[in-house]
Amino acid sequence: MLKDMKELVLKAKEGDLKTLVVACADDKHVLKAVEKARLEDIIRPILVGNKEIILMLFESLDINEEYYEIIDVIDHENACDYAVKLTSENKGYVLMKGYVDTKVILKSVLKAEYEFKVSPRLSHVSIFELKNYHKLLMMTDGAMNMYPNVDEKQEIIENATKVFHKLGVAEPKIGVIAAIEKLNEKMQPTVDAVELIKRNREKKITGCLIDGPFGLDNAISKKAAEHKGVSGDVAGDVDMILMPQIESGNILCKSMMFLADAKSASIVVGGKSPIVLTSRADSTESKFYSITLAAVVA
């Protein structure tokens, strides 16, 4: 697994230049992140949105419009439709959400006529660089799937596994998170963990190594795992944690970013290309790393 975000940026530069299509691009923080990715030779940008506002923002940010293709579409729904259709029709294009509600762009993504969704399920993955962890840590799902059952969790794992393979990790270690480390029939996340491990061992889920259930501590800390008697190759050395439901994933994600000062990148996978889908409150840095991750995965 990559050690930090610097390695992620270097990996993005190894591949072909990707075209980034930004839906509703008239946002200062989005444009700053896109310009940084352009200057790093990671993407070629196409901006879909209110051209007048975009050009005003360019002037305030000292960005040269010469390097940008701008498609003037003022209405948010129309801008999202245009961006999704353009991305779906062109190999190597990556979609990014600008200053627009997530539900608006997802409505466009799910329209059958654009044929954008190719996997059974769309899911959200985040990668964090943490001061107290020895490599980048992936987490899923904190933004898309609310209360996934075990079959849906399998699809979420399969989506994430494809991301790892693009990152160069042949067999990522995936820890299924719960409140305790043992099977308890009254706690569904532990029941799901046992079933997911069984499917992994039976080769119904391939390309990864699944273990659990883990508490968060013994998933990411060898010392905590040893202290609690939790053994195995995954304990204390996970590449990814699978959260039990959206609340726990969302809270953990925001805690890492706003309390632990983690560097982060987030994308939605399961479509023809990854979608850079960050919160409007996320920093320019987080948006830049998300573009970088999407470029690697694409």
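Residues numbered from 1 in each chain as written. Predicted model: local features only at pLDDT ≥ 70, side-chain atom pairs only at ≥ 80, totals over all residues. Heavy atoms only, no water.

Visitor: Describe in detail the nonpolar core, supporting the description with residues and values.
Guide: Counting residues in hydrophobic clusters, the biggest one holds 59 residues, and the most contacted among them are Leu20, Val34, Leu47, Met138, Leu167, Ile210 and Ile291. Of all the elements, helix H11 (residues 284-297) adds the most residues to this core, at eight residues. In this structure, leucine 47 is in contact with Val22, Ala25, Leu31, Ile54, Phe58, Tyr68, Glu69, Ile70 and Ile71, ignoring residues within four places of it in sequence. Listed in part, the 25 residues of the second largest apolar core include Ile71, Val100, Leu106 and Ile275. (Core = buried A, V, L, I, M, F, W, Y, C linked by side-chain atoms within 4.5 Å. Buried < 20%, exposed > 50% of the residue type's maximum accessible area, 1.4 Å probe, protein only. Helix = DSSP H or I, 4+ residues; strand = E, 2+ residues; numbered from the N terminus. Contact = heavy atoms within 4.5 Å.)

Visitor: Explain unusual backbone geometry to me, and be specific about the residues and the numbers.
Guide: Cis geometry marks the peptide bond from threonine 140 to aspartate 141, where omega comes out at 5°. Following the sequence through the fold, aspartate 141 ends up in the loop between strand S6 (137-140) and helix H6 (150-167). For the bond from glycine 212 to proline 213, the omega torsion is -5°, close enough to zero to count as cis. Locating proline 213 in the fold gives a position in strand S8 (residues 209-214). Backbone geometry places lysine 203, a non-glycine residue, at a positive phi of 65°. With respect to the element layout, lysine 203 can be found in the loop between helix H7 (188-201) and S8.

Visitor: I'd like a rundown of the environment of alanine 193, residues and numbers included.
Guide: Within the secondary structure, alanine 193 is located in helix H7. The exposure class assigned to alanine 193 is buried, which follows from its relative accessible area of 0%. Residues in contact with alanine 193, not counting those within four places in the same chain, are Val176, Gly212 and Pro213.

Visitor: Could you give an account of the packing of helix H4 (residues 76-89) against helix H5 (residues 102-109), with specific residues and numbers?
Guide: The N-to-C vectors of H4 and H5 enclose an angle of 45°; their axes lie 9 Å apart at closest approach. Here H5 runs oblique to H4, going by the angle between their axes. Helix-helix and strand crossings are classified by hand; for H4 and H5 the assignment is right-handed. In this structure, H4 contributes His76, Glu77, Cys80, Asp81 and Val84 to the contact, and H5 contributes Val104, Ile105, Lys107, Ser108 and Val109. Of the residues that constitute the contact of H4 with H5, the class distribution is five nonpolar, two polar and three charged. (Axes fitted to C-alpha atoms, helices over the stretch in contact; angles between N-to-C directions. Parallel < 35°, antiparallel > 145°, perpendicular 65-115°, else oblique. Left-handed = near helix turned anticlockwise from the far one by under 90°. Nonpolar A, V, L, I, M, F, W, Y, C, P; charged D, E, K, R; others polar.)

Visitor: Kindly report on H6, identifying the contributing residues and their values.
Guide: Its 18 residues place the ends of H6 26 Å apart at the C-alpha level, agreeing with the 26 Å of an ideal helix rising 1.5 Å per residue. Where H6 is concerned, the buried positions are Val150, Lys153, Gln154, Ile156, Ile157, Asn159, Ala160, Thr161, Val163, Phe164 and Leu167. Between a side-chain oxygen at the N-terminus of H6 and the backbone nitrogen of aspartate 151 the separation is 3.1 Å; the capping residue is asparagine 149. (Expected span 1.5 Å × (residues − 1). Polar contact = N/O pair within 3.5 Å; in protein donor to acceptor, adjacent residues only side chain to side chain.)

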